[in-house]
Structures are given as structure tokens and as C-alpha cells.
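# Structure assessment
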Amino acid sequence: MNSLRKPFSFKGILHQQLFLPIFALFLMLIVNVIITPSFFNVSILNGVLYGHPIDIINRASELIILAVGMTLVVAASRGTDISVGAVMAVSAALCVRLLGSNYDSYATPMVWAIVACLFAGLVCGSFNGFLVAKLKIQPMVATLILFTAGRGIAQLISAREINGIMVPGQILYVRMESFKEFGGFLPNVVVPTPVFIAIGFVLLSWLVLNKTALSMYVKTVGINPKAGRLVGLNSTLIIFFTYAFCGVASGVAGLISASRIYSSDANNIGLYMELDAILAVALGGNSLGGGKFSIAGSVIGAITIQALTTGLYAMGVSGDKLPVFKAVVVILIVAIQSNEFKRWRAAYSLHRKAGKEAAK
Amino acid sequence: MNDGLVLSMKNINMTFPGVKALLDVDFSLQKGEIHALMGENGAGKSTLIKVLTGVHAMDSGSIRIEGIEHDVINHSPEEAQKHGISTVYQEVNLCPNISVAENIFIGRHPLTWFRAVNWKKMNSMAVKVLSAVGLENIDVTKNLGEYSVAIQQMVAISRAVDFNCKVLILDEPTSSLDENEVKKLFEVMKQLKEKGVGIVFVTHFLEQVYQVCDAITVLRNGELVGRFNIAELPRVQLVAKMLGHDFDDLASIRVPDYEKAAAESDSPAILRAVGLSHTGTIQPFDIDIKKGEVIGLTGLLGSGRSELARAIYCADHPDKGELFFKGSALKAHEPIDSMKAGMAFLPEDRKEESIIGDLSIRENLIIALQAKTGVFKLLPMAKQNELAEKFIQALRIKAPSHETLISQLSGGNQQKVILGRWLITNPEFLILDEPTRGIDVGTKTEIQKLILKLAGEGMTIMFISSEIDEMLRTVNRLCVLREGLKVGELKNENLDRPKVMAAIAGGDLL
């Protein structure tokens with residue numbers, strides 16, 4: 001990241017890692033604008049910005065935040081955290097439960113509810129981190145526990161009294177208007193709040209990574225853990241940190257989601273988000289085998305995914321058919337970025353050259 | 001083919017990118033002969049075997065196998081097996097989670113008339129196969145993983161033998177076996193020998209070579225040193241042949257006079273180990289090292305020379321014994337503790353344990369210092385660049401810029417970067433495990449000069465190398481190790497190569 005100051009190496013990075021993700025995003029937007037000419041129209045409606053581009057960055061916020069956390073997990077532990085969606089649901093349920101459903105005031109002050117929400121994310125992330133870093137369980141298996149159990153926990157938190165008995169798995173509502181602001185708009189601000197939260201989160205992560213030696217530590221542990229240990233790095237602690245951090249990211253995303261729907265729905269908040277988050281990391285040109293990473297790449301990846309979704313909706317594809325179209329596009333993007341494809345291309349051009357020479 | 005030869009390889013050449021791995025190597029194996037293939041790391045033993053078994057393709061050369069009237073080129077291990085060449089590798093490569101019988105017959109299960117596996121027949125056949133190699137009382141229906149490594153090794157051998165092989169290659173089969181198990185293995189080898197199987201035996205244990213082998217072929221740096229009958233090659237000469245005598249322009253370097261001052265005066269001890277050990281790699285050892293001394297560790301590969309150093313640095317956590325560093329007890333749990341006390345460790349395996357491939361030269365240089373200063377005190381970029389430039393120049397690292405990835409450098413330059421990484425931390429005690437392996441002569445000279453210079457400035461250095469000349473030029477004292485045990489120390493006074501070799505070889509001395 002420091003190389004931004006040097007045009008020479010910036011160009012190098014652009015060529016190596018960020019070029020294809022940016023290219024894919026542009027391609028996506030161009031296709032969108034061809035099919036839906038009004039795609040880039042932005043207007044002000046009811047005092048706030050309105051239009052597809054705004055929709056994309058607004059809706060991409062949670063995914064961006066998750067992707068940042070996921071990037072670090074992938075880089076350090078060479079594995080993925082598949083529990084982020086479920087952890088979002090847990091955090092959201094706890095937050096909404098603490099706020100309570102009352103029209104006059106919150107049951108718990110807003111600040112404490114948010115702290116509890118983030119803390120729930122941290123606890124879940126730390127649990128994953130403990131399993132992966134300390135007990136050396138494969139990341140996929142370790143996070144599978146919360147992937148399945150997380151929604152159960154969220155449902156237990158979302159219990160409500162019906163006919164004298166507590167029934168878990170209810171949808172809890174918040175009745176105070178001010179809770180809407182996290183997922184909606186702040187008074188007199190035309191840009192949706194989640195965008196600010198996402199930008200703030202990305203900036204904060206970037207500072208934490210690059211104003212300390214953490215970025216270098218994470219890369220080293222991901223590239224060569226043995227060498228990392230011999231130069232004095234504590235890989236256990238570093239991997240633990242990335243999972244804990246990813247948990248907090250899930251907490252933030254959960255807060256936004258709950259605020260968006262003004263309630264907590266243990267079954268649907270963050271559903272399948274883990275897959276999108278992993279995909280965002282991959283689309284950003286990051287290797288899922290760990291090591292070097294680019295936060296910027298993952299952010300671009302997240303926006304690309306949302307641009308795809310929004311674009312398909314704009315084209316009139318219905319929600320139930322959406323995953324099919326999405327899958328086709330994703331396969332294309334991932335295939336183009338793969339090393340195998342680059343090799344084939346190189347081999348093909350070599351083959352053609354040889355063919356031409358033979359023809360002479 | 002005649003003269004009872006079962007295998008003959010002629011003028012084998014093989015190149016890896018940038019390296020001549022095999023140069024006109026000949027190898028021949030008699031029927032019913034146990035033939036040791038010897039050489040230090042990088043001598044080309046494994047490459048030769050891999051060419052024979054079809055893992056690598058050779059550039060040129062010819063391979064003849066008994067009973068086949070034309071040259072044979074194996075393209076895959078399966079093809080080699082069809083031609084009668086079976087291999088048992090150092091690590092057992094069978095499946096621990098399926099039964100012993102299945103492991104033996106995997107891929108060629110006996111079938112019933114409706115194409116299902118005939119378990120009964122397979123199990124009884126397995127019992128027969130195992131008893132042929134002297135393994136009885138084995139429940140062949142149990143999972144392989146439930147048996148000891150030795151048994152697993154035997155199962156692997158019985159499987160190899162069952163392919164009606166003419167040539168059996170055993171690649172360091174004994175490194176995970178204990179004494180009794182080795183004995184059992186040798187019995188099996190002798191039985192197979194009676195049956196006329198030619199056995200290629202790769203090992204680092206000299207003792208075993210003289211117990212069981214009939215002939216020895218020695219390789220060095222990818223070239224054939226010679227083929228000898230066991231009787232005509234005493235142990236010391238074998239070591240001499242393996243280590244060889246590299247011609248280089250290093251003769252000018254001599255241990256300067258500071259050695260006496262350092263080694264004999266009462267300069268304080270910087271490091272003292274009492275009964276330090278790590279189970280399975282190094283038996284308890286004592287060592288005293290004085291400040292400003294260069295101490296060498298010598299011994300063949302697998303003798304425990306690296307393991308001793310690793311135990312001191314806590315790269316392998318020692319499970320017994322005490323370590324005193326700079327006068328006080330050092331209880332390290334992780335390498336970072338040793339680093340903070342003032343140690344530095346350049347490991348033997350550059351690729352696996354040193355270089356962080358996807359990072360730049362700058363990052364590779366400062367990572368150890370950064371780890372030492374801690375995560376919250378990021379070295380300012382200006383400081384990083386300054387350090388990187390300084391060491392790139394001081395060590396004459398050839399690279400376009402300090403932002404070049406370390407993986408793009410040559411081996412010698414990579415090693416210099418790693419050396420720089422540790423010098424930046426300004427250690428008082430520096431461990432160098434094979435710093436000159438696989439790098440060109442020029443760089444070797446530079447590294448040796450650097451060792452002498454650093455020692456002159458008061459740094460204490462532990463130096464491990466398989467090249468004896470290199471050690472004789474630089475060290476004050478040599479510790480000799482043999483099969484995991486520190487067996488003695490030699491002062492570098494009138495010490496020469498034959499004396500060191502005799503000490504390394506042990507057994508009957510010259």
C-alpha cells in the first residue's frame with residue numbers, strides 16, 4: 001500500500017492484482033448500461049439520492065465489511081470463515097433484543113446495544129479463532145460449527161412470550177424510528193448511512209493493518225508459516241486475531257442488516273452472505289490459498305457482486321431466478337482470472353505461432 | 001543383457017532449470033545384490049532414482065532392464081512397476097485408514113464372478129504375501145494405521161515385492177525404524193537377495209551399509225564418483241568420496257590469529273548447554289561456547305548437527321536439559337524468546353524455512369527485526385528502505401531494486417538476503433546451518449569471509465557445513481556428531497581433512 005507514492009510499483013501492482021478485478025467491475029457496469037440505458041441515472045427523491053449506482057454501493061456495504069474480514073482470514077489461515085452470515089444473525093438478534101419493542105424509548109441505551117452487538121461478533125469470532133489457531137482444526141470444519149449453531153443461537157435469543165410461554169425463533173421488532181438510521185439515512189444527509197459505515201470500516205482496517213506491522217505479519221504467516229515462526233512471529237496469535245476481527249466485521253454487518261429491516265429475523269439475516277464474502281475475496285484477485293492480499297481488491301469484488309445483483313434486478317430478472325444468472329457470470333469472471341486459463345491462453349498462442357511457422 | 005546384470009543405466013543426463021542434476025552417471029545392479037547408493041544432499045541420489053522410476057524424464061542416456069531387449073524409458077511409476085522396478089519411499093505412502101490387505105492389493109483386488117471384491121481370497125492372499133517377507137501374526141483385516149511405522153514399512157515392501165519385481169528400491173527405509181525393526185528389515189532384504197532380487201538401498205547410516213550391502217555407488221554433485229565393492233572401500237574412504245574435494249579459490253582464507261585469543265583465553269562463555277535434548281532428533285549434549293568463537297558442527301546428514309542447533313535456538317523445543325545464555329538461564333518457549341535474548345538462526349532449508357517467497361527483498365530483510373520490535377512499532381518506511389539499501393550493498397545482493405520479490409533471485413542472493421535479515425537484528429550469537437549449500441563458489445567465499453569478519457568483531461558464530469574445508473578455514477573448534485549424539489570436540493590446531501573424516505566416520509579409525 002505504501003507503494004502508492006511510487007508510480008513505478010503502483011503500476012506493477014495494478015498489472016498484477018487489481019487490474020482484472022477493476023476490469024471485471026467496469027465490464028459489468030458497461031453491460032448494465034447497454035441493457036438498461038438508464039442505469040446510471042441518479043436523482044434526488046424525498047430528500048435522498050436515488051438510483052441504481054446508489055443502490056449498489058448502499059446494498060454492497062455489508063458485503064464490503066464482511067469481505068474485509070474474510071480477506072484477512074483467508075490470507076493468514078489459508079482457509080475461509082463460513083460462519084459470518086450466522087454470526088451476523090446472532091449479533092443482530094442480540095442488538096434488537098436489547099433495544100426492545102417500545103414506541104417511547106429503548107429498553108437498553110442504543111450505545112450499549114451496539115457495543116453488545118459488536119461484542120457478540122467478537123465472541124463468535126474468537127471462538128472460531130480459538131478452534132482454528134489454537135486447536136488447529138481446519139477452518140472450514142471449525143467455522144461449520146457456528147455456521148449451523150449460530151442461527152439456532154440467534155433463534156433462542158429471539159424468543160418472545162406467546163400465551164404465557166417463551167417461544168424462540170420469533171421475528172423481533174424495534175419500534176423506535178432512530179434505529180432505522182444505521183441502515184437508512186441520517187437526517188438531512190442524502191447518502192445512505194451504510195456507505196459511511198463501510199467506508200469508515202475499510203479505512204479503519206487499512207490503518208490498523210498498515211500503521212502497524214500487522215499487514216506484514218499476516219502475509220508472512222500466510223505465505224510461509226515455518227519461516228514466520230523462525231523469525232519470531234506468533235502465528236497462533238495472528239491467526240486468532242484475524243478470526244476475531246472477522247467476527248467483529250460480522251457484528252457490524254449484522255447491525256446494518258437489522259436496522260435495514262427494522263427488526264431481527266434469525267432465519268434470513270446474513271443468509272448465504274458467507275458465500276458472497278468468499279467470492280468477493282476471490283474476485284478481488286486474492287488467492288484463497290493465503291498469503292498476499294489486497295483489501296482494495298476485496299472491496300472491488302464486493303461491489304462487483306452487488307452490481308451484478310442490482311443489474312439483474314434492473315433487467316427484470318426475478319429473485320428466484322437470480323442465482324442462476326449470477327452463477328454464470330461468476331463462473332466467467334473466476335475462469336478468466338484463473339492461472340490455468342492464462343496458461344491455456346499462452347499455450348494456445350504458442351501453438352498458433354508454431355502452426356504458422358510450420359505452414360511456411 | 002548378460003553377466004547377471006538386472007539393471008544397467010548408462011550416461012544418464014538430467015537438467016533442472018539452471019542446474020545440472022545428473023552428469024553422465026552410470027549405475028549397474030547385479031542379480032541378487034544389495035547395492036548402496038551414497039552421497040550427501042544434492043548429490044543426485046534421489047534424482048537418479050526418480051529418473052529410473054519415471055518421476056522425472058532424463059535428457060539423455062539409456063536404461064536396460066533384464067529380460068527386455070531394448071532400452072527402457074519409464075514415463076510414470078506405474079510403468080516402472082510394469083517393467084519390474086518397485087520403490088518404497090522414506091515416508092510410507094500407503095493409506096492408513098484402510099485394511100492391510102486392501103493396501104497390498106489396492107487397484108488389483110481379486111474379484112468374484114460378479115465383479116465384486118473377493119474379500120476372503122484377498123485376505124488369504126495377503127497373509128501369504130506378508131509371510132513371504134517374514135511378517136506373521138498380522139491381522140490383515142485391521143486398518144494399516146493401527147500398526148507401527150515399521151510394520152507399515154514392511155507392508156509397503158511386501159506390496160512392492162508382490163509385483164514380481166526384479167529391482168527393489170528402498171529410499172531411506174530405516175530412518176523411522178528402531179534397532180530391532182531395522183534388523184527385521186535386513187533379514188527380509190537378505191531373503192529377497194537369495195531370490196535374486198536386486199536391491200538399491202539409499203541410506204545415510206554408514207553402519208547399516210557395512211552390515212548389509214555388497215556394493216556401493218557414490219555420487220557427488222550429480223556426478224559419479226565410482227562403484228566399489230564393499231570390501232575395497234573402508235568407511236573413512238567412503239566418507240572422503242562422499243564429501244569430496246571441491247576445487248575452489250578459498251585456499252587464501254585462513255583462520256587468523258585471533259583464534260587462540262578467543263579459544264584459549266578466559267574470555268567469558270556466552271552459551272552453555274547442559275544435557276539439552278529433543279526426543280527423536282538429538283540425544284542429550286553439553287556444549288560450552290566462548291564469546292567471539294566460531295564453533296563448527298560436523299557429521300554426516302542425519303547425524304544431528306542441525307538438530308543440535310535447532311534445540312539451542314528453540315526451533316525444536318528441547319524437552320530436557322538446561323541452557324545458559326550470557327550467564328543466566330534461558331527458558332525459551334518459542335524462537336522469539338531466543339531472538340530477544342540475542343540469538344539468530346539461519347535454517348538449513350532455505351526454501352521451506354527461510355524465504356517468504358511472495359514478499360519483497362525489503363520485507364524479507366526487515367521481518368526478523370520487525371518481529372523483534374513488535375507489531376505496534378512499525379519501522380518507518382524510510383528506515384526500512386535505508387536498512388534494505390544498506391544490506392543490499394554491504395552483502396552485494398544482485399537485484400534490480402529492493403522491491404523485487406525474493407523468489408525471483410538466485411539461490412545465492414536469496415541466501416544473502418536471509419543472512420542480512422539476521423545481521424539486521426544485530427545478534428550476539430549467530431547460528432548458520434549450511435549457509436553455503438547450493439550457492440556458487442564466489443558467494444561461498446564471501447560468506448566465509450563474512451563469518452571471519454563478524455567473529456573478529458566479537459560475534460559468536462555456530463557454523464554447520466557439510467564441506468569440511470570450509471569449516472577448517474573458519475572455525476576454532478569442531479564438534480563431531482554421529483547418529484544423534486555429540487561424540488567429541490576437536491580443536492582446530494593442525495586439524496586436517498583426514499582427521500575430521502576419521503572422526504565423522506567413527507568405528508575403526510585410521
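Calculation criteria
Residues numbered from 1 in each chain as written. Chains lettered and ligands numbered in written order. Predicted model: local features only at pLDDT ≥ 70, side-chain atom pairs only at ≥ 80, totals over all residues. Pairing = 2+ DSSP bridges. Helix = DSSP H or I, 4+ residues; strand = E, 2+ residues; numbered from the N terminus. Domains from an automatic or database assignment. Axes fitted to C-alpha atoms, helices over the stretch in contact; angles between N-to-C directions. Parallel < 35°, antiparallel > 145°, perpendicular 65-115°, else oblique. Contact = placed C-beta atoms within 7 Å. Nonpolar A, V, L, I, M, F, W, Y, C, P; charged D, E, K, R; others polar. Buried ≥ 20, exposed ≤ 12 C-beta atoms within 10 Å, placed from the backbone.

Our focus in this paragraph is the pairing of strand β13 (residues 320–325) of chain B. The side chains of a regular strand alternate, first on one face of the sheet and then on the other. All names here are of chain B. In terms of strand pairing, strand β10 (residues 269–278) meets β13 through five bridges, oriented antiparallel. The partner of Arg272 across the bridge, within β13, is Phe324. Pairing of β13 with strand β14 (residues 328–329), which is carried by two bridges, proceeds in the antiparallel orientation. Opposite Phe324, over in β14, you have Ala329 as the bridge partner. In this antiparallel pair of consecutive strands, β13 and β14, the connection spans two residues, and Lys326 shows a positive phi of 55 degrees.

Next up on the list: the domain arrangement of chain B. Many descriptions give the size of an interface as the accessible area lost when the pieces come together. Structurally, chain B comprises domain 1 (5–243), domain 2 (247–342 + 429–510) and domain 3 (349–426). When each unit is reduced to the centre of its C-alpha atoms, the spacing between domain 1 of chain B and domain 3 of chain B is 42 Å.

All names here are of chain B. The geometry of helix α13 (residues 361–373) relative to helix α14 (residues 381–394) is characterised by a closest axis approach of 9 Å and an angle of 100 degrees between their N-to-C directions. Taken together, the axis directions place α13 and α14 in an arrangement best described as roughly perpendicular. Contacts between α13 and α14 involve Ile361, Arg362, Leu365 and Ile366 from the first element and Gln384, Asn385, Leu387, Ala388, Phe391 and Ile392 from the second. Looking at side-chain class alone, the contact of α13 with α14 contains seven nonpolar, two polar and one charged residues.

Across the contact, 22 residues belong to chain A and 26 residues belong to chain B. Of all the secondary structure elements, the ones that give two or more residues to the side of chain A that touches chain B are α8 (214–223) and α9 (225–230) of chain A. Element by element, the count of residues in the side of chain A that touches chain B is highest for α8 of chain A, at six residues.

This part is about the pairing of strand β16 (residues 429–433) of chain B. Residues and elements named next belong to chain B. Burial analysis of β16 places five of its five residues in the buried class, which makes it a mostly covered element. Every second residue of β16 is oriented toward a common face, with Phe429, Ile431 and Asp433 on one face and Leu430 and Leu432 on the other, all of them buried. Pairing geometry for strand β15 (residues 343–346) and β16, over four bridges, is parallel. Paired with Ala344 across the strands is Leu430, a residue of β16. With five bridges connecting them, β16 and strand β17 (residues 460–464) associate as parallel partners. When the bridges of β17 are listed, Ile431 appears paired with Met462.

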